[in-house]
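# Geometric and topological summary
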Amino acid sequence: MKFINLVAISWAISGLFSSSLMAQQQTCLTQLEDQELMMKSKREGLFREPLPRSHSTFSYNIEQAFSDYLTAAYLQISSENPRANLPCPVYTDTYQQLVAQDARPANATVADLISPFELKQADSRKAVLLIHGLTDSPFTYHDLAQVYYQQGYTVRTILLPGHGTAPAALRDIDADDWQKASVYAIERALKDFDQVILGGYSTGAALVIDYLTQYQSIIKLRLLCCFHPQASHTIKTVG
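Residues numbered from 1 in each chain as written. Predicted model: local features only at pLDDT ≥ 70, side-chain atom pairs only at ≥ 80, totals over all residues. Heavy atoms only, no water.

### Re the environment of Leu198
Selection rule: Where helices and strands are cited, they refer to DSSP runs of H or I of at least four residues and of E of at least two residues respectively, numbered from the N terminus. We call two residues in contact when some of their heavy atoms are within 4.5 Å.
Structurally, Leu198 is set in strand 4 (residues 195–201). Counting along the chain gives 25 residues from Leu198 to Leu223, while the straight-line C-alpha distance between them is 6.4 Å. Each residue touching Leu198, except ones within four places of it in the same chain, is listed here: Leu129, Ile186, Val208, Leu221, Leu223, Leu224 and Cys225.

Put into structure tokens, the structure is as follows:
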């Protein structure tokens, strides 16, 4: 799949289009072909607001299992993203593996694609944690996840607060919220595995570096990967 197609798909599943026209569209992919729909969304700012919250938010307590976090994140997206249930048939290798692991339904929706995920390896004591960038989602890492998974790593991703529902949700979020989420995910990975690789794209990279400058629990870290739109850097840590 070409990069430009991945970008287009990311736009299609990010919740930008009109509910009045949604019924006429079959999937998130067919919406990409409707230029009138896209222009209408741009002019009127459709779907900028998330739906009313119907459940409590995740507390990011390090004692809570990562599976509990994944469930809470999925429920939040499903209830607050106006397009959460729109069919979105983008079946990456990662998605198909998640289906095989009973972590996703066979027929994908927007919520299924943009929610954080964990690709589990049986009896693996090493993991990779990937943190996405601003206005993005864990879908960004579907391809990269395969690189690590095929080398025997369990792959985890998180969804930064204010993402995955609607653009206006970011108004109530600040850097402290992102730091809290990233610290939980990193500390949880260090608690669950003997070896951990941290990867971050753009804002995600900044959060990983911020963690390393403030915390000393890095003995299990084996690699730090920072990705940027114009460049990428890999920093090896000695544990």
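From this point, the narrative continues.
### Comments concerning the pairing of strand 5 (residues 221–227)
Remember that side chains alternate between the two faces of the sheet whenever the strand is regular. As a reminder, the rule being used: Only protein chains enter the accessibility calculation, which uses a 1.4 Å probe; a residue whose area is less than 20% of its type maximum is buried, one above 50% is exposed, and one in between is partly exposed. The rule for pairing is simple: two strands pair if DSSP sees at least two bridges between them.
Burial of strand 5 is extensive: five of the seven residues sit out of reach of the surface. Direction of pairing for strand 4 relative to strand 5: parallel, over a ladder of six bridges. Note that in strand 5 the partner of Tyr201 across the bridge is Phe227.

### Digging into the packing of aromatic side chains
Put simply, the test is: Geometry of aromatic contacts follows a simple scheme: Phe, Tyr and Trp rings, the Trp one being its six-membered ring, pair when their centres are within 6.5 Å, and the pair is stacked under 30 degrees between planes, edge-to-face over 60, tilted otherwise. Lysine NZ or arginine CZ positioned within 6 Å of the ring centre and within 35 degrees of the ring normal marks a charge as sitting over the ring.
Here the structure, examined in full by the defined rule, presents ten aromatic pairs. Seen from their ring centres, Phe66 and Tyr69 are 5.4 Å apart, and the 40° between their planes marks the pair as tilted. Of this pair, Phe66 and Tyr69 both sit in helix 5 (residues 66–80), separated by three residues, roughly a single helical turn. Note on Phe66: relative accessible area 2%, which makes it buried. Site record: aromatic cluster; members linked through ring pairs are Phe58, Tyr60, Phe66, Tyr69 and Tyr184. It is Lys126 that lies over the ring of Tyr153; its NZ or CZ is 4.4 Å from the centre.

### Details of helix 8 (residues 142–149)
Since the α-helix turns once every 3.6 residues, residues separated by three or four places project in the same direction. Basically, it comes down to this: Note that the arc is computed from the directions linking the helix axis to the C-beta atoms.
Buried residues of helix 8: His142, Ala145, Gln146, Tyr148 and Tyr149, and no others. Taken end-on, helix 8 shows its buried residues confined to a sector of 165°, consistent with a single buried face.

### Overview of the nonpolar core
As a rule of thumb, soluble globular proteins bury nonpolar side chains together. So the rule is basically this: Definition of nonpolar core: a set of buried residues of the types Ala, Val, Leu, Ile, Met, Phe, Trp, Tyr and Cys, connected through side-chain atoms within 4.5 Å.
Counting residues in each nonpolar core, the largest one holds 44 residues, and the members touching the most others are Tyr69, Ile158 and Leu198. Broken down by secondary-structure element, the contributors of at least two residues to this core are helix 5, helix 7 (110–114), strand 2 (126–131), helix 9 (175–192), strand 4, helix 10 (203–214) and strand 5. Per-element accounting of this core gives the leading share, eight residues, to helix 9. In contact with Ile158, other than residues within four places in its own chain, are Phe66, Tyr69, Pro116, Leu129, Leu130, Ile131, His132, Pro138, Ala181, Ser182 and Ala185. Judged by nonpolar contacts, the second largest core, of 14 residues, contains Leu119, Tyr141, Ala145 and Ile197.

### Description of the confidence of the model for the chain
We count it as follows: A score from 0 to 100, pLDDT tells how confident the predictor is in each residue.
Per-residue confidence for the chain gives a mean pLDDT of 85, with 83% of residues at or over 70. Throughout residues 1–9 the model reports pLDDT below 50, and contacts reaching past four residues in sequence, or to other chains, amount to nine contacts. For the stretch residues 14–23, pLDDT sits under 50, and the model shows 34 contacts to residues farther than four places along the chain or on other chains.

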